[in-house]
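# A look at the structure
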Amino acid sequence: MTSLVRHVTIDCADAYALGSFWAAALDAKLADDDFPGDPEALVESPGANLLFIQVPEGKSVKNRVHLDLQPQDRTRDEEVERLLGLGATLFEDHRNPDGTGWATLTDPEGNEFCVERSKAERAATA
């Protein structure tokens, strides 16, 4: 038997607040035993569980690992706008006039992540 990834773990300043952002971003939920002030928060998501752990040091460099999101029921651009409304920030825009490309955003603590085109958008330009 091989190993499986159980969680993707992300260090942060406020586990509950950042977990809440990602739960909303992924249309998922925080674990039932997570509350404000907890040093850990678990986002239970069908794609992958995200575990947020509070650490004393702040983020100081670019992420070595990041998440790539692919919208399932909306376009890439609609998803970018939704995530901006939840508190993300546009970091770098790699979207092209022909509809290809992606957008790099940051979450409320500055962690980079990308939003790719949906499966339907990819099929339309294949």
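Everything below is about the structure shown above.
First, a word on what this report is: a plain description of the structure on this page. (Residues numbered from 1 in each chain as written. Predicted model: local features only at pLDDT ≥ 70, side-chain atom pairs only at ≥ 80, totals over all residues. Heavy atoms only, no water.)

## Things to note about the overall build of the protein chain
Within the protein chain, the secondary structure is distributed over three helices and eight strands. In sequence order, the secondary structure elements of the protein chain are arranged as β-α-β-β-β-β-α-β-β-β-α. In terms of overall size, the protein chain behaves like a compact globule, its C-alpha atoms giving a radius of gyration of 15 Å where 126 residues would be expected to give roughly 14 Å. With the principal axes as the frame, the protein chain shows a C-alpha extent of 45 × 35 × 25 Å. (Helix = DSSP H or I, 4+ residues; strand = E, 2+ residues; numbered from the N terminus. Rg over C-alpha atoms; globule rule 2.2 N^0.38 Å.)

## Side note on the pattern of salt bridges
Overall, the coordinates contain 10 salt bridges when judged by the stated rule. Ionic pairing is found between Arg 74 and Asp 73, a salt bridge with its closest N-O pair at 3.6 Å. For Arg 74, a relative accessible area of 28% translates into the label partly exposed. Salt bridges sharing common partners tie together Asp 73, Arg 74, Glu 79 and Arg 82. (Salt bridge = Lys/Arg side-chain N within 4 Å of Asp/Glu carboxyl O. Buried < 20%, exposed > 50% of the residue type's maximum accessible area, 1.4 Å probe, protein only.)

## Topic: the sheet that holds strand S4 (residues 50-54)
Read across the sheet, four strands follow the order S1-S4-S3-S2 without closing on themselves; strand pairing throughout is mixed. With one partner strand each, in any of the chains shown, strand S1 (8-12) and strand S2 (29-30) form the two edges of the open sheet. Sheet analysis places strand S3 (residues 40-44) next to S4, joined by four bridges and oriented antiparallel. Residue pairing across strands places Val 43 opposite Leu 50, the latter belonging to S4. (Pairing = 2+ DSSP bridges.)

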